[in-house]
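# What the coordinates show
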Amino acid sequence: MTTNILLLGSTGQGGWELNRTLLTLGDLTALDFPEIDMADPASIQQVVRAVQPNIIVNATAYTNVDQAESEPDLAMAINGSGPGILAEEAQRLKAALIHYSTDYVFDGNKGAPYTEQDAPAPLSVYGETKLAGDRAIQAANDAYLIFRTSWVYSLRRPCFVTKVLQWARQHETLRIVVDQVSSPTWARTLAEATAQVIALGRGDPVGFIQEKRGLYNLTDSGACNRFEWAKAIIALDPARHEQVVTQVVPAKSADFPTPAERPENSALKGEKFASAFQINPPYWRTSLSMAIV
Ligand SMILES: NC(=O)c1ccc[n+]([C@@H]2O[C@H](COP(=O)([O-])OP(=O)(O)OC[C@H]3O[C@@H](n4cnc5c(N)ncnc54)[C@H](OP(=O)(O)O)[C@@H]3O)[C@@H](O)[C@H]2O)c1
């Protein structure tokens, strides 16, 4: 049976990488907004019923964490209700659904990396809506994988890495927070791990996903704070001659008030994913050195 894969969110950070890595694994239909609107149940139903996939990879999300505070209904529609509709549609077709969640479902007060069993307690609208999406999928589909990830970056879209590279060209001194800890994760890591998991199930990918169904933490390995991450970005910049920055100074989150509160330490423990699939994501610095070109 040919694997018929429907990728949603194909121009986002994760989606762009997924579009390349999934291409060799079957017939791939790759769509993004406005071809599909995750805030509109009819749009989701129409796309899934037209494509008739046996695997759906959902890389869409409302990811503007601060803006979500003032657009909670839209964020909930895209991150919470939409994935639930998608999961129901997948179930109707007996298709599998692969979806991505976030470390921002946690409050960051555990003082150690979070496991899949830890109770979520989101601090932000974004975290709440993503958690609602996870729960809706778990309730609706019996062949799903939710990969919970953190601090996703790529050079294709504005993100922390592109901001630091830009600031390093504009300011002699950068003040970067030390009190936010997690695992920077290159979008390519997510895409390659997803493709590897689908490949492991070749022959019967839906059955394989059904057997392995569940929530898994999936990030690049290791963790750091944003200050350490920024210093690594600056050091790995291949065009360092363009930088004007001379010092990076540690700061506190409280020095930079934002509409959404971020967790302090939301690093995720990755053992469950590694042991279920025998896939070990790269160390975050290794990915960063490959991503910044
Ligand atoms: N970015 C992070 O730091 C981070 C951290 C943890 C978890 N995650 C999760 O990882 C996954 C991938 O994130 P990412 O960083 O690749 O996100 P991204 O770059 O923001 O891409 C999200 C994609 O979703 C699309 N989209 C937005 N609203 C839509 C709608 N109403 N209907 C259909 N598509 C819509 C966007 O299209 P437009 O560009 O047109 O809006 C974009 O192509 C998401 O589930 C995210 O929650 C991300």
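Structure report, in brief.

Here is what the cut-offs are and how they apply
Residues numbered from 1 in each chain as written. Predicted model: local features only at pLDDT ≥ 70, side-chain atom pairs only at ≥ 80, totals over all residues. Heavy atoms only, no water. Near = heavy atom within 4 Å. Polar contact = N/O pair within 3.5 Å; in protein donor to acceptor, adjacent residues only side chain to side chain. Areas by Shrake-Rupley, 256 points an atom, 1.4 Å probe, with all protein chains shown as cover. Helix = DSSP H or I, 4+ residues; strand = E, 2+ residues; numbered from the N terminus. Core = buried A, V, L, I, M, F, W, Y, C linked by side-chain atoms within 4.5 Å. Buried < 20%, exposed > 50% of the residue type's maximum accessible area, 1.4 Å probe, protein only. Contact = heavy atoms within 4.5 Å. Axes fitted to C-alpha atoms, helices over the stretch in contact; angles between N-to-C directions. Left-handed = near helix turned anticlockwise from the far one by under 90°. Phe/Tyr/Trp six-rings, centres within 6.5 Å; stacked < 30°, edge-to-face > 60°. Lys NZ or Arg CZ within 6 Å of the ring centre and 35° of its normal.

### Details of the site of the ligand
Taken together, the neighbourhood of the ligand is formed by 25 residues, with Gly14, Asp32, Thr63, Tyr126 and Lys130 sitting nearest. Contact between the ligand and Ile36: a nitrogen atom at 3.4 Å from a main-chain N or O atom of the residue. At 2.6 Å, a side-chain N or O of Thr63 approaches an oxygen atom of the ligand. Here the ligand loses 84% of its free accessible area of 910 Å² to cover by the protein chains. Looking at the shell around the ligand element by element, the count peaks at three residues for strand 4 (residues 96-102).

### Details of the nonpolar core
Residues Val161, Trp229, Ile233 and Leu288 are the most contacted members of the largest nonpolar core, which totals 53 residues. In contact with Leu288, other than residues within four places in its own chain, are Tyr153, Val161, Trp229, Ala232, Ile233 and Leu236. Within the second largest apolar cluster, 28 residues are counted, among which are Ile5, Val57, Ile209 and Tyr216.

### A few points about the packing of helix 5 (residues 160-170) against helix 8 (residues 226-236)
Relative placement of two packed helices is described by the angle separating their axes and the distance separating the axes. Two elements in contact, helix 5 and helix 8, have axes separated by 10 Å at closest approach and are oriented at 65°. When you trace helix 5 past helix 8, the crossing you get is right-handed. Of the residues in helix 8, those in contact with Phe160, Val161, Val164, Leu165 and Ala168 of helix 5 are Arg226, Trp229, Ala230, Ile233 and Ile234.

### Regarding the packing of aromatic side chains
Scanning the entire structure with this criterion turns up 13 aromatic pairs. Here Trp151 and Trp229 contribute two aromatic rings whose centre-to-centre distance is 5.1 Å and whose plane-to-plane angle is 5°, an arrangement assigned as stacked. Of this pair, Trp151 sits in the loop between strand 5 (144-149) and strand 6 (152-153) while Trp229 sits in helix 8, placing them 78 residues apart in sequence. For Trp151, a relative accessible area of 8% corresponds to the buried category. For Trp229, a relative accessible area of 1% corresponds to the buried category. The aromatic ring of Phe277 is capped on one face by Lys212, whose charged end is 5.9 Å from the ring centroid.

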